[in-house]
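Residue-level structural notes
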Amino acid sequence: MTATDWTLAQGSPQRGRIAVVTGANTGVGLEVARGLATLGAGVVLACRNREAAATARDDILRTAPGARVDVVHLDVSDLASVRGCAEKLRAAYPVIDILVNNAGVMHQVRRVTADGFEGDFGTNFLGPFALTGLLLDRVLAAPAGRIIAVNSKTSRGGRIAFDDLHSEKSFSSAAAYTQSKLAQLMAVFELQRRLETMGSQAISLAAHPGGTRTGILREQSRSVRWVFNRRFRHLTGWFTQAPTDGALPMLRAATDPAAVGGQFYGPGGRFEQIGPPVLVRAAGRAHDVEAQQRLWQIAEDLTGVSYPLTRGPS
């Protein structure tokens, strides 16, 4: 882990670039979009809730006057919505410089998506996989495109249950969520290898927000809801942080001129929960190339989306 005091001011200027941020109407996604707009990027908020997205757009414009902020509808848990969103983005933007796959869920009970996938696996992994594949040629058209997966440090506890990917035999909230995040991280590394194989200047990276006070952290902490009680904020400040701080690892991955493909950023402070963004480690199993390629093929089969890239070396 590398110590640093990286701030948004150290990000490269983004004027003239287009960034798409999913789930950008609140929390970390909103702050990532705000940060990119502050650096000059034109930002597209790809969100399920249209009204919340419009409110988020107005909020960003109050802090970044003159920014270009557009809104497009996206329900990442529904492949029909993913395809519709991709069609609109492709029609509007011949080049997409940055794609931040931020939208995600953590279900406490087993749910299935519109396409019949387990809710966490479908929303956190398959939906973003499909969206990225459908927009990949637009990212490849950028001089130096970046694809950022908003991950979780809990991915280190994940296991890919290839014999029960949709938790039909057994379900636990923690296992489903960590599997989906491990799958997402494995796809980041597989995509980077494929980009390198074809000689592309585009890069694939991951980042996680640590202990950021968001809806998903609330779901992870349902048994300790005092974490969000104002009376205990002087204690929770030791291991949780505001969305503005939690957004920095993603903003570093998206804008740091020194960032390279396959890197993973997260908070560098206490227990990797808070602090400025630094390079962090991924679980060893996330680097299992055979499992990555097996999972990739499954994702292509389930989503019907094939990436226009050659397979990386075994």
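This text gives an overview of the structure that appears in the document. None of these values were measured; they are calculated from a predicted model.

Right, let's get into the environment of V112. With respect to the helices and strands, the residue V112 is situated in the loop between β4 (98–101) and α4 (119–140). Separated by 35 residues in the primary sequence, V112 and S77 place their C-alpha atoms 9.1 Å from one another. Not counting residues up to four positions away in its chain, the partners in contact with V112 are F117 and G119.

Next up on the list: the pattern of salt bridges. With the rule as written, the count across this model stands at 12 salt bridges. Two residues, R62 and D59, come together in a salt bridge whose shortest N-O distance is 3.8 Å. Placement of the pair is R62 and D59 together in helix α2 (residues 50–63), with a separation of three residues, close to one helical turn. The exposure class of D59 is partly exposed, given its relative accessible area of 22%. For R194, the salt bridge goes to E190, with nearest N and O atoms at 2.7 Å. Taken as a pair, R194 and E190 lie in helix α5 (residues 173–197) at a separation of four residues, close to a single helical turn. Overall, the relative accessible area of 3% leaves R194 in the buried class. Connected through salt bridges with shared partners, the residues E31, R34, D59 and R62 form a single ionic network.

With that out of the way, let us pick up the sheet that holds strand β3 (residues 69–73). With mixed pairing, the eight strands of this open sheet are ordered in space as β3-β2-β1-β4-β5-β6-β7-β8. Each having just a single partner strand, β3 and β8 (277–279) make up the two edges of the open sheet. Looking at each pair of strands side by side, their axes are set apart by 20° on average, direction ignored. Where strand β5 (residues 146–150) and strand β6 (residues 203–207) come together, five bridges link them in parallel fashion. The residue bridging I147 from the neighbouring strand is S204, located in β6. Lying over the sheet, α2 contacts β2 (42–47) and β3, oriented at roughly 170° with respect to β3. Of the strands in this sheet, β1 (18–22), β4 and β5 are in contact with α4, which crosses β4 at around 175°.

Turning our eyes to something else, we now look at the packing of helix α3 (residues 79–92) against α4. At a minimum axis separation of 10 Å, α3 and α4 run at an interaxial angle of 20°. By the angle between their axes, α3 is roughly parallel relative to α4. As for how α3 packs across α4, the hand of that crossing is right-handed. On the side of α3, the interface is formed by L79, V82, R83, A86, L89 and R90, while α4 contributes L126, G127, A130, L131, L134, L135, D137 and R138.

Here we come to the pairing of β5. Among the five residues of β5, five are classified as buried, and the element is accordingly described as predominantly covered. Every second residue of β5 is oriented toward a common face, with R146, I148 and V150 on one face and I147 and A149 on the other, all of them buried. Across four bridges, the pairing between β4 and β5 is parallel. For V100, the partnering residue across the bridge sits in β5 and is I148. Assessed by its sense of winding, the connection that carries the chain from β4 through α4 to β5 is right-handed.

On to the side chain of Q14. Relative to the helices and strands, Q14 is located in the segment before β1. Separated by 2.8 Å, the side chains of Q14 and R17 make a polar contact.

Take the state of the cysteines next. According to the stated counting rule, one finds zero disulfides in the structure shown. Sulfur of C47: no disulfide; nearest cysteine sulfur belongs to C85 and is 9.4 Å away. The exposure class assigned to C47 is buried, which follows from its relative accessible area of 1%. Residue class for C85 comes out buried when judged on its relative accessible area of 1%.

Even without glycine at this site, S167 takes up a positive phi of about 55°. Mapped onto the secondary structure, S167 falls in the loop between β5 and α5. The backbone phi angle of E272 is positive, close to 60°, even though this residue is not glycine. Within the element layout of this structure, E272 appears in the loop between β7 (264–267) and β8.

Reading the values: the criteria
Residues numbered from 1 in each chain as written. Predicted model: local features only at pLDDT ≥ 70, side-chain atom pairs only at ≥ 80, totals over all residues. Heavy atoms only, no water. Helix = DSSP H or I, 4+ residues; strand = E, 2+ residues; numbered from the N terminus. Contact = heavy atoms within 4.5 Å. Salt bridge = Lys/Arg side-chain N within 4 Å of Asp/Glu carboxyl O. Buried < 20%, exposed > 50% of the residue type's maximum accessible area, 1.4 Å probe, protein only. Pairing = 2+ DSSP bridges. Axes fitted to C-alpha atoms, helices over the stretch in contact; angles between N-to-C directions. Parallel < 35°, antiparallel > 145°, perpendicular 65-115°, else oblique. Left-handed = near helix turned anticlockwise from the far one by under 90°. Right-handed = clockwise from strand over helix to strand, strands pointing away. Polar contact = N/O pair within 3.5 Å; in protein donor to acceptor, adjacent residues only side chain to side chain. Disulfide = S-S within 2.5 Å.

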